[in-house]
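Read off the chains here:
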Amino acid sequence: MSNAREFVAGVMEGSISLGDFYERLFRKLKELDRKYNFFITLAEKEALAPKAGKGCLAGLPISAKDNICTRGIRTTAGSRILEPYIPPFDATCIARAKQEGGVIIGKTAQDEFGFGTFSTNCGFKIPKNPVDPTRSCGGSSGGAAGLVRALDEPHIAIAESTGGSISCPASFCGVAGLTPTYGRVSRYGLIDYANSLDKIGVIAKTVDDVALMFSAISGHDPLDPTSVNKPAENIRLKKSKMKIGVPKEYFENVGEKIGSAIWNGIKKLESEGHSYREVSLPNTKHSLPAYYIIATAEASTNLAKFCGMRYGAEERIGGPMGEYFPEVRTKYFGEEAKRRILLGTYSRMAGFRDQYYLKAMKVRTLVIEDFRKAFRNLDALIAPTMPVVAPKFSEIEKLTPLENYMMDVLTVAPNLAGIPMLSVPCGSVNGLPVGMHIMGDYLQEGKTLSLGKEMETYSNRN
Ligand code: GLN
């Protein structure tokens, strides 16, 4: 049984012995980790402690992306500069999951600070896709999606997206991934990549599991000043006839077979009573450069605090301070982190700010306007999640940084706008999963998930 709600019901009734379950689970997790590198840290000791078993996640195994702080469990954000860091507190989403009875089993592999699309920019091991281990899990929440795909036990992953880090790995691994509205899940305790873009969300095997976890961890949090001032809602998935928009720009850079897999899905939804029409989101083409300017500008300021004194890695201080900071940062930041510090610092420099950063902010407003207009008379937008299926590591190695960034062309716009989005499996190309991206209006996670559930039912039948 891998359905989370059934498992929780079993725990509440007392028909599941958590001691035996967790012993077996950790044997499996270690085996999977040896094969696929899903974890940066496994929290076996913590998870095997006696559990109370109450709440909507009672006894349920939960993994957390490694940029989410967990009290007493090492949290590195995938970076060697935080290798020894053990937070003295829980992120709000972790505290809420625990309050509902959830059990943190470990911290999943990711690109360093979330800088990547393939989970190959890692300070530690690189996770492999269980569908085909010569291929990427996607990124940056690669460990989370790979684990969800490979583990045949009840489990839900908490992950995070800045520009596509939930949707992309969900799509490559053939699982469901929800990026909620910006501010819907508290960012307190998240190690920031880009504060105006970061969203904590959920990856799970089914849309129903996603809805369960989202309901548990969302809702206003006074500790996050950007938190939406609304309580959590208990999402109920229900069928209703929806008006779907299909943005034509989202099919332009996409492989033909991926495009037709998504169209098959849309046609299926139409035959179930939903209606669709093609629409245009004209500012889509500007969203990729705008995203990379804003994201790296924010990242470069966020990374300033990692200097080898306050958190994580330290060196013996020999020479003057002015030499100490660069020494630590040179040694412990990976290549992509350094690239992003340079890009971000450049675009914020006096003289360049108007040309890059402020222009990017204006583009962001236009992108938001595109979505606002579309949702005036639509319930959802549907597009492919990614322009490709999971690539081989040997193919990724050949990509230039710019080609790498271009892989995010379909996910950055909704992330810039901060609208909710769900990637659900929708057919396959050469045996590799294809993800359908369902984008909804602000705070419409319920509608987005409900439509996703219908798509999932259709995918499971085929
Ligand atoms: N691939 C995008 C980036 O590198 C998005 C990553 C993310 O959402 N953390 O910025």
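Cut-offs used in this document
Numbering of residues starts from 1 in each chain and follows the order in which that chain's sequence is written. Residues qualify for local features only when their pLDDT is at least 70, as the model is predicted, and side-chain atom pairs are given and counted only at 80 or more; totals for whole chains, interfaces and linings, by contrast, use all residues. Processing note: side-chain calculations cover all non-hydrogen atoms of the structure and skip hydrogens and water entirely. Nine residue types can take part in a nonpolar core, namely buried Ala, Val, Leu, Ile, Met, Phe, Trp, Tyr and Cys, and a core is a set of them joined through side-chain atoms within 4.5 Å. Whether a residue is buried, partly exposed or exposed follows from its accessible area with a 1.4 Å probe, protein chains only, as a fraction of its type maximum: under 20%, in between, or over 50%, in that order. The helix and strand labels rest on DSSP assignments: H or I over at least four residues marks a helix, E over at least two residues marks a strand, and numbering proceeds from the N terminus. By definition in these notes, contact holds between two residues if any of their heavy atoms fall within 4.5 Å. Pairing of aromatic rings covers Phe, Tyr and the six-membered ring of Trp, with a centre-to-centre limit of 6.5 Å; geometry is then stacked below 30 degrees between planes, edge-to-face above 60, and tilted otherwise. Two conditions define a charge located above a ring, namely a distance within 6 Å from the ring centre to NZ of Lys or CZ of Arg, and an angle within 35 degrees of the ring normal. Two cysteine sulfurs form a disulfide in these notes if their separation is within 2.5 Å. Like-charged residues are merged into a patch within 9 Å and nonpolar side chains (Val, Leu, Ile, Met, Phe, Trp, Tyr) within 5 Å, provided each residue has over 30% relative accessible area and no salt bridge. The method behind every accessible area is Shrake-Rupley, applied with a 1.4 Å probe, and residues are considered shielded solely by the protein chains displayed. By definition, a salt bridge exists where a carboxyl oxygen of Asp or Glu is found within 4 Å of a side-chain nitrogen of Lys or Arg.

## Regarding the nonpolar core
The biggest cluster of nonpolar side chains holds 139 residues, and the ones touching the most others in it are Phe113, Ile158, Phe371 and Met436. At nine residues, helix 9 (residues 284-302) tops the list of elements feeding residues into this core. Excluding its chain neighbours within four sequence positions, the residues that come into contact with Ile158 are Ile62, Ser63, Ala64, Lys65, Ile68, Cys93, Ile94, Ala97, Ile200, Gly201, Met213 and Ile217. Counting eight residues, the second-largest nonpolar core is a separate cluster that includes Phe118, Phe172, Phe393 and Ile396.

## Here's the deal with the packing of aromatic side chains
The full count for this structure, using the stated rule, is 20 aromatic pairs. Geometrically, the ring pair formed by Tyr36 and Phe38 is stacked, given 5.2 Å between the ring centres and 20° between the ring planes. By relative accessible area, Tyr36 is classed as buried at 9%. On the basis of relative accessibility, which here comes to 0%, the residue Phe38 falls in the buried class. Put simply, the rings of Tyr85, Phe113, Phe115, Tyr193, Phe306, Tyr311 and Phe333 pair up and form one aromatic cluster. One residue, Arg74, lies across the ring of Phe124, its end atom 5.7 Å from the ring centre.

## Quick look at the state of the cysteines
Applying the stated criterion across every chain, the model contains zero disulfides. Counting only cysteine sulfurs, Cys69 is the nearest neighbor of Cys93, a cysteine outside any disulfide, at a range of 9.6 Å. For Cys93, a relative accessible area of 1% corresponds to the buried category. Left unpaired, Cys168 is separated from the closest cysteine sulfur, that of Cys173, by 8.7 Å. For Cys168, a relative accessible area of 1% corresponds to the buried category.

## Thoughts on a nonpolar patch on the surface
The grouping of Met309, Ile317 and Met321 at the surface amounts to a nonpolar patch, some 270 Å² of accessible area in total. Looking at the secondary structure, you find Ile317 in the loop between helix 9 and helix 10 (321-332).

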